[in-house]
Amino acid sequence: MLRNKQSQGHLPGQRFIDPDVLTRIDNLELLARGVVDGFISGLHRSPMLGMSVDFAEHRSYMPGDDVRRIDWRLFARTDRLYVKEFEADTNANLHLLLDVSRSMDFGSGAVTKLEYAKFLAASLAYLSRRQRDRIGLVTFDNKIIETIPPSIRHFNMVLHALDRLTAGGASSYRDPLAKIALNLGRRSLVVLISDLYDTPERLLGAINQLRHRGNDLIVFHLLDPLELSLELGDVASVEDLESGVNLPIATDQYRDSYQQLIRDHRAELERRLGANQIDYIFADISQPLDNILFRYLSDRERQNRTR
Amino acid sequence: MGLSWINPLYLFGLLSLALPVLIHLVQKQHNEGKRFPSLMFLQQIPQREKRRLEIRHWLLLALRCLLLLLIVLAFARPFFNNDSGATGLEPGRQDSIIVLDRSYSMRIADHWQQALAIALQLVEQKQARDRIGVVLVDAEAEILSDLTSSANNLRSVLEGQSPGFKATRLTGAIEQAARLLAGSNASSKQIIVVSDFQSAAATAVARISADIELTALPIDVTRIANASITSVAIEASSRAAAAEFSLTVEVTNRATTPLEQEVTLTLDGREIARRQLRLAPGSVLSESFDRLSVSDDLLRGTVSLADDALALDNQHYFVYSSRQQVPLLIVEGSAARTNQAVYLQNALGLSREPVFRVERKVLNELRAQDLPAWAVIILNDVSIPGGELGEALADFVAAGGSLLVSAGVAEQRSWSAAYLPGSPGRKVDAKPAAAFNISDFEPDHPLSIALGARNTTDLSLARVFSYRELQPGANDRVVARYSDGAVALLERRVGAGRVLVLTTTLDTHWSDLALQPVFLPFLHQGLRHLTTFESYPNQSEIGSITDVMRYARALAGADAIVAAAAERPLIIESPSGDEIRVERQSPLLSLTEPGFYQVHHATPSGVEITLAANIDPFEANQERLDVARFVEEIRASAEPPATGAALTRRQAAEFEQQQQLAYAILLVVLALMLIEALSANWIDARRSIRTGGTG
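From a predicted model like this one, the values you see are computed outputs, not experimental measurements.

## Re the overall build of chain A
In step 1: Secondary structure assignment for chain A yields 10 helices and 10 strands.
In step 2: Burial status across chain A gives 51% buried among its 307 residues.
In step 3: Within chain A, counting contacts between residues at least 6 apart in sequence, those at least 24 apart form 74% of the total.
In step 4: Working note: accessible area of chain A is about 14,200 Å², and carbon and sulfur atoms make up 48% of it.

## Some points on the sheet that holds strand S12 (residues 270-279) of chain B
All names here are of chain B.
In step 1: Taking strand neighbours across the sheet as the criterion, the 4 strands line up as S12-S11-S14-S15 in an open arrangement whose pairing is antiparallel. Bordering the open sheet on either side are S12 and strand S15 (315-321), each of which pairs with just one other strand. Averaged over neighbouring strand pairs, the angle between their axes works out to 15 degrees when direction is ignored.
In step 2: The pairing of strand S11 (residues 259-267) with S12 spans 9 bridges and is antiparallel.

## Section: the nonpolar core
In step 1: Counting residues in hydrophobic clusters, the biggest one holds 44 residues, and the most contacted among them are Leu97, Leu177, Leu210, Val238 and Tyr258 of chain A together with Phe36 and Leu42 of chain B.
In step 2: Looking at this core, the elements with two or more residues in it are strand S4 (134-140), helix H6 (174-183), strand S6 (188-194), helix H7 (200-211), strand S7 (216-223), helix H8 (225-229), helix H9 (251-275) and strand S10 (279-284) of chain A.

## Some remarks on unusual backbone geometry
Residues and elements named next belong to chain B.
In step 1: In this structure, phenylalanine 197 is a non-glycine residue whose phi angle is positive, near 50 degrees.
In step 2: Note on placement: phenylalanine 197 falls in the loop between strand S7 (186-195) and strand S8 (212-218).
In step 3: Judged by its relative accessible area of 0%, phenylalanine 197 is buried.
In step 4: Positive phi, close to 50 degrees, is recorded for aspartate 268, a residue that is not glycine.
In step 5: Along the polypeptide, aspartate 268 turns up in the loop between S11 and S12.

## A few points about the sheet that holds strand S5 (residues 144-151) of chain A
Picture the strands of a sheet paired through backbone hydrogen bonds; they go either parallel or antiparallel.
All names here are of chain A.
In step 1: The strand order S5-S4-S3-S6-S7-S10 describes an open sheet built from 6 strands, whose pairing is mixed. Each edge of the sheet is formed by a strand with only one pairing partner; in this case those strands are S5 and S10. For this sheet, the mean inter-axis angle between neighbouring strands, taken without regard to orientation, is 15 degrees.
In step 2: In this structure, S7 lies alongside S10, joined through 6 bridges in parallel fashion. From the neighbouring strand, phenylalanine 220 faces S10, where its bridge partner is isoleucine 281.
In step 3: Running over the sheet, H7 touches strand S3 (93-99), S6 and S7 and is turned about 145 degrees from S7.

## Focus on the environment of glutamine 260 of chain A
All names here are of chain A.
In step 1: Within the secondary structure, glutamine 260 is located in helix H9.
In step 2: Judged by relative accessible area, glutamine 260 falls into the partly exposed class, the value being 36%.
In step 3: Along the backbone, glutamine 260 and serine 229 are 31 residues apart, and their C-alpha atoms lie at a distance of 9.7 Å.

## What about the pattern of salt bridges?
Residue and element names in this part refer to chain A.
In step 1: Applying the stated criterion across every chain yields a total of 37 salt bridges over all chains.
In step 2: As a salt-bridge pair, glutamate 227 and lysine 113 come within 2.7 Å of each other at their nearest N and O atoms. Residue glutamate 227 is found in helix H8, and its partner lysine 113 is found in helix H4 (residues 113-130); the two are separated by 114 residues along the sequence. You'll find glutamate 227 and lysine 113 in the same group, each marked buried.
In step 3: Linked by salt bridges that have partners in common, Glu201, Glu268, Arg271 and Arg272 make up one network.

## Topic: the pairing of strand S10 (residues 244-253) of chain B
All names here are of chain B.
In step 1: The buried fraction of S10 is high, at 8 of 10 residues.
In step 2: Across 9 bridges, the pairing between strand S9 (residues 227-236) and S10 is antiparallel. The residue bridging serine 231 from the neighbouring strand is glutamate 250, located in S10.
In step 3: Sheet topology places S10 next to strand S13 (residues 284-293); 8 bridges connect them, and they run antiparallel. Its bridge partner lying in S13, valine 249 is registered against glutamate 287.

## Concerning the side chain of arginine 102 of chain B
All names here are of chain B.
In step 1: In this fold, arginine 102 is placed in the loop between strand S4 (90-101) and helix H3 (111-125).
In step 2: Residue classification places arginine 102 among the buried positions, given a relative accessible area of 16%.
In step 3: Polar contacts involving the side chain of arginine 102 include one to the side chain of glutamate 142, which spans 2.6 Å.
In step 4: Residues in contact with arginine 102, not counting those within four places in the same chain, are Trp112, Leu136, Val137, Asp138, Glu142, Gln161, Ser162, Pro163 and Gly164.

## So, the packing of helix H6 (residues 342-349) of chain B against helix H9 (residues 519-531) of chain B
Each pair of packed helices can be described by the angle between their axes along with the distance between the axes.
Residue and element names in this part refer to chain B.
In step 1: Relative to each other, H6 and H9 sit at 70 degrees, their axes nearing to 10 Å. On the basis of the axis angle, H6 is roughly perpendicular to H9. For the pair H6 and H9, contact is made by Tyr343, Leu344, Ala347 and Leu348 and by Phe519, Leu520, Leu523, His524 and Leu527, respectively.
In step 2: Of the residues in the contact of H6 with H9, the class split is 8 nonpolar, 1 polar and no charged.

## What about the packing of aromatic side chains?
In step 1: All chains considered together, the criterion is met by 14 aromatic pairs over all chains.
In step 2: Members of the aromatic cluster, connected to one another through ring pairs, are Phe106, Tyr197 and Tyr258 of chain A together with Phe36 and Phe41 of chain B.
In step 3: Between the NZ or CZ atom of arginine 266 of chain A and the centre of the ring of phenylalanine 282 of chain A, over which it lies, the distance is 3.6 Å.
In step 4: Sitting above the plane of the phenylalanine 165 of chain B ring, arginine 107 of chain B keeps its charged end 4.2 Å from the centroid.

## Structural notes on the environment of serine 103 of chain B
All names here are of chain B.
In step 1: Topologically, serine 103 is positioned in the loop between S4 and H3.
In step 2: Along the backbone, serine 103 and glycine 164 are 61 residues apart, and their C-alpha atoms lie at a distance of 5.5 Å.
In step 3: If sequence neighbours within four positions are ignored, serine 103 has contacts with Val137, Asp138, Pro163, Gly164, Lys166, Ala167, Thr168, Gln198 and Glu619.
In step 4: Polar side-chain contacts of serine 103 include one of 3.0 Å to the side chain of serine 105.

## Comments concerning the confidence of the model for chain B
In step 1: Across chain B, the average pLDDT comes to 82, with 86% of residues at 70 or higher.
In step 2: This model gives residues 83-87 of chain B a pLDDT under 50, and the stretch forms 7 contacts once residues within four places in sequence are excluded.

## Focus: the confidence of the model for chain A
Residues and elements named next belong to chain A.
In step 1: On average, residues of chain A carry a pLDDT of 78, and 77% of them reach 70 or more.
In step 2: Predicted confidence for residues 1-16 stays below pLDDT 50, and this span has 31 contacts to residues more than four positions away or in other chains.
In step 3: Note on residues 38-53: pLDDT is under 50 here. Beyond four places in sequence and across chains, it has 44 contacts.

## Structural notes on a nonpolar patch on the surface
All names here are of chain A.
In step 1: On the surface, a nonpolar cluster with roughly 290 Å² of combined accessible area is contributed by Val67, Trp72 and Leu81.
In step 2: Looking at the element boundaries, valine 67 is found in the loop between strand S1 (50-60) and helix H3 (72-78).
In step 3: The exposure class of valine 67 is partly exposed, given its relative accessible area of 47%.

## Some words on the environment of alanine 216 of chain B
All names here are of chain B.
In step 1: Checked against the element boundaries, alanine 216 lands in strand S8.
In step 2: A C-alpha to C-alpha distance of 9.4 Å links alanine 216 and valine 99, two positions 117 residues apart in sequence.
In step 3: Once you skip the residues sitting within four places of it in the chain, alanine 216 turns out to touch Val193, Phe197, Val627 and Val631.

## With respect to helix H12 (residues 627-636) of chain B
Residues and elements named next belong to chain B.
In step 1: Among the residues making up H12, those that are buried are Val627, Phe630, Val631 and Ile634. The arc enclosing the buried residues of H12, seen along the axis, measures out at 95 degrees, which places them on a common side. Projecting away from the buried face of H12 at angles above 90 degrees are the exposed residues Ala628, Arg629 and Ala636.
In step 2: Next to the buried residues of H12 lie helix H5 (170-182) and S8.

## Some details on the side chain of serine 466 of chain B
Residue and element names in this part refer to chain B.
In step 1: As for its position among the elements, serine 466 is in strand S23 (residues 466-471).
In step 2: For serine 466, a relative accessible area of 7% translates into the label buried.
In step 3: Each residue touching serine 466, except ones within four places of it in the same chain, is listed here: Lys427, Val428, Asp429, Thr504 and Trp510.

## Some remarks on the packing of H3 of chain B against helix H4 (residues 151-159) of chain B
All names here are of chain B.
In step 1: Where H3 contacts H4, the axes come no closer than 10 Å and their chain directions differ by 175 degrees. When the axis of H3 is compared with that of H4, the two are roughly antiparallel. Of the residues in H4, those in contact with Leu116, Ala119, Leu120, Val123 and Glu124 of H3 are Ala151, Leu154, Arg155, Leu158 and Glu159.

## Quick look at the pairing of strand S19 (residues 402-406) of chain B
Residues and elements named next belong to chain B.
In step 1: The buried fraction of S19 is high, at 5 of 5 residues.
In step 2: Side chains Ser402, Leu404 and Ser406 of S19 all project onto a buried face; the interleaved residues Leu403 and Val405 project onto the opposite face, where all are buried too.
In step 3: At this point the chain moves from strand S18 (residues 376-380), through helix H7 (residues 387-398), to the parallel S19, and the crossover so formed is right-handed.
In step 4: Examined bridge by bridge, S19 and strand S26 (residues 497-502) share 5 bridges and lie parallel to one another. Of the residues in S26, the one forming a bridge with serine 406 is leucine 502.

What counts as what
Residues numbered from 1 in each chain as written. Chains lettered and ligands numbered in written order. Predicted model: local features only at pLDDT ≥ 70, side-chain atom pairs only at ≥ 80, totals over all residues. Heavy atoms only, no water. Helix = DSSP H or I, 4+ residues; strand = E, 2+ residues; numbered from the N terminus. Buried < 20%, exposed > 50% of the residue type's maximum accessible area, 1.4 Å probe, protein only. Contact = heavy atoms within 4.5 Å. Areas by Shrake-Rupley, 256 points an atom, 1.4 Å probe, with all protein chains shown as cover. Pairing = 2+ DSSP bridges. Axes fitted to C-alpha atoms, helices over the stretch in contact; angles between N-to-C directions. Core = buried A, V, L, I, M, F, W, Y, C linked by side-chain atoms within 4.5 Å. Salt bridge = Lys/Arg side-chain N within 4 Å of Asp/Glu carboxyl O. Polar contact = N/O pair within 3.5 Å; in protein donor to acceptor, adjacent residues only side chain to side chain. Parallel < 35°, antiparallel > 145°, perpendicular 65-115°, else oblique. Nonpolar A, V, L, I, M, F, W, Y, C, P; charged D, E, K, R; others polar. Phe/Tyr/Trp six-rings, centres within 6.5 Å; stacked < 30°, edge-to-face > 60°. Lys NZ or Arg CZ within 6 Å of the ring centre and 35° of its normal. pLDDT = per-residue confidence, 0-100. Patch = residues over 30% accessible without salt bridge, like charges linked within 9 Å, V, L, I, M, F, W, Y side chains within 5 Å. Arc of directions from axis to C-beta. Right-handed = clockwise from strand over helix to strand, strands pointing away.

So this is what it looks like as structure tokens:
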């Protein structure tokens, strides 16, 4: 069942799907289709040229070019060898980097951050498949858990991998991202989905490893509303999900300081990532998923136009 | 001055103090379990504010603990004990109970004066702090005064006493005194028995606590030349004239010297006989008075001896009622067979208990208003009357009268289902040279039980040649059947009365039952069952409790049953002329003095009832107990002293007025409960506001 919800700060009348509803759909493809279909229409375009029906331009034949791509008609008219180039939307690589550390396995509402991340990744994968992009997936905590190399045929593998994901151990960004960076082949669209529990300096250091080779980077920062507000009720202490460390706290006295720290953290990340040409999208997991996607796709479209 | 507890066991409730602590811990553990994705930011916040929360919780915990502590203390009921010493005993104080014998043997010579003087002397000699209580003893123990230090009060209650008419039973009185002392916290406790210590006074060894000192103070007994009437036996005469009876008097010489005595029998105030007796020392003589005729319904008799040193045991009272003879009417038809009632009448004349006063009437001569004069009516093979007489018969039965019907030759046209069981049919004859037997008795029926197996077997030997068919109704009980299964005896209860129908004749016309030896027990038991006979007690002993209406029932039968339902109380005149009122619903009278108790208007027909009360003759026995042995036996079997808890219970009664401490604690508890509830609510409200504000 779809629930209408007016989201703040977006197009009036835009309809989004509540995360609660998504939890009831056990088929990730169906979920992704439900989220993506209906409002996606030509927003996403690949910046790469490739095989397509839409003709882009002719260029001179260079040794090594595929002989099949020579425009023989033009050769007959001009007696020169040209190859046809088409505007393609099928040959981009999409790398989904999913943080599956223990801290992601937290949610005060219907979904945990990890589940939300799954939905988001599935939706992005589906979106890319419509564009015939190659889709790959890497899950990691403090090490790489699973890698699916990008391929146009790996959509179902990615969905299966997402489906059986479980939270792992403690989180670390530097080493896993360094390894991923080594394995990134051609220029790719790299999407990092995480709760980003690390200092902005270290995070930026880790993420910047992916920045070279002309990769486009998008960072989705997922947080539960409770992580934003610290409304834990009358608890004497809290236990770290990852380390198991117990910390006595007085939530009512801690709350303001905590919220300020979180705000500062987000602002600092946005500022630093933005400065490095990395898209930063913050997502409150109580907010509809399509809302996030809409923002993401709007941003991508804007960037493509300016490119 | 120390703090003592009335219910110290409640102090175990202090263990409940662990509850709030446990709850607090459990709750804390529960709160500690809250998991959070990362402490990265929380660890950056300074920790200084954490303690305030814990202190506040500790305050709430302390408040709850204090609350429980105070509740437990209040339930344990503390009080400030002014007694010194760890044992709670008050040193130097002595509590004593004087057990004073007031049995009728104390009337001999100056026995009572001696005993009273000893008791008064004990009161005079007591220290100001000492307390004394008094228990009067005869057949019962009566607490005359609880422990008191007021000598004046003790003197006044003692001087108003006099010996009674009952025998001495010391055991119960000593145990009663021990119970009075059980709660005492005096350092010294004693029971002082002042008595003439007759041999019959101690029937069992009294059980007292070992911390109680028992002292026996026997009075100087004056040996007297005394003869007493120890029993009077009355027996109805075995002669046919049932209004005669005989009397056997037993006289005992309790002196050590021979005695010349004169025994006089007085009936209804008229001296009937006077006999001279010569009694050897310690001997018992029986004197009989035979063929005493009764002219009136109820006879008052007195057997007396000439006055001696103890006059009380020289009189013995009794009553004799000719109405113990159950009035019975045999009704016959105007054309009765020869000897139709002869067997019946002869068999009834041989009954001793009850004695039947038999009358015969022809049915035509019977009037409805005469019926209540009889307790039992036998309709001996007559046609059941209808009309007014029939209704009167029904009323007679309903009011408690008994009816025995022999349904034989007579034609039954007015057989009324209202009070007669079954419905009669045709006459059934046995085959020539054959007969029916009465067999198949219902084993649970009272008549079968009363007859016994042997008699019922004998009854089956009687030969019945003809019987009248009788079809039993739903409410009828078949007591016996013939050998062919037809009803032989059928019973119905109507109101307070019973009707029994025999379906053959009571003479030799239809059966040879009347010729069988078993005819007598069969008839007597049958009538006893019908009348539910109660004998009239001729004499009772002082101290016993008597059901007055039993006498009325024995004398007036159905009339007494009506009388029992009346609302006005029974008025009884005691031998000394006092008026005693007793409720009819529980007509129990305690006999306290010798002589005749007169019950006026016990029944609507004005039947006068008299009860004869006599003293226990053994109290006049002058044999003495071995006092030293008596005391030693009680000491030897003494039980360990009462526990401290028992003492405290006793003190609790005394120090009830000091309970303000417990009440004050309860007030504080109430105030604390209010504070606790408000605090907890306040904390809850704050918590919910915080949670709700961000939801």
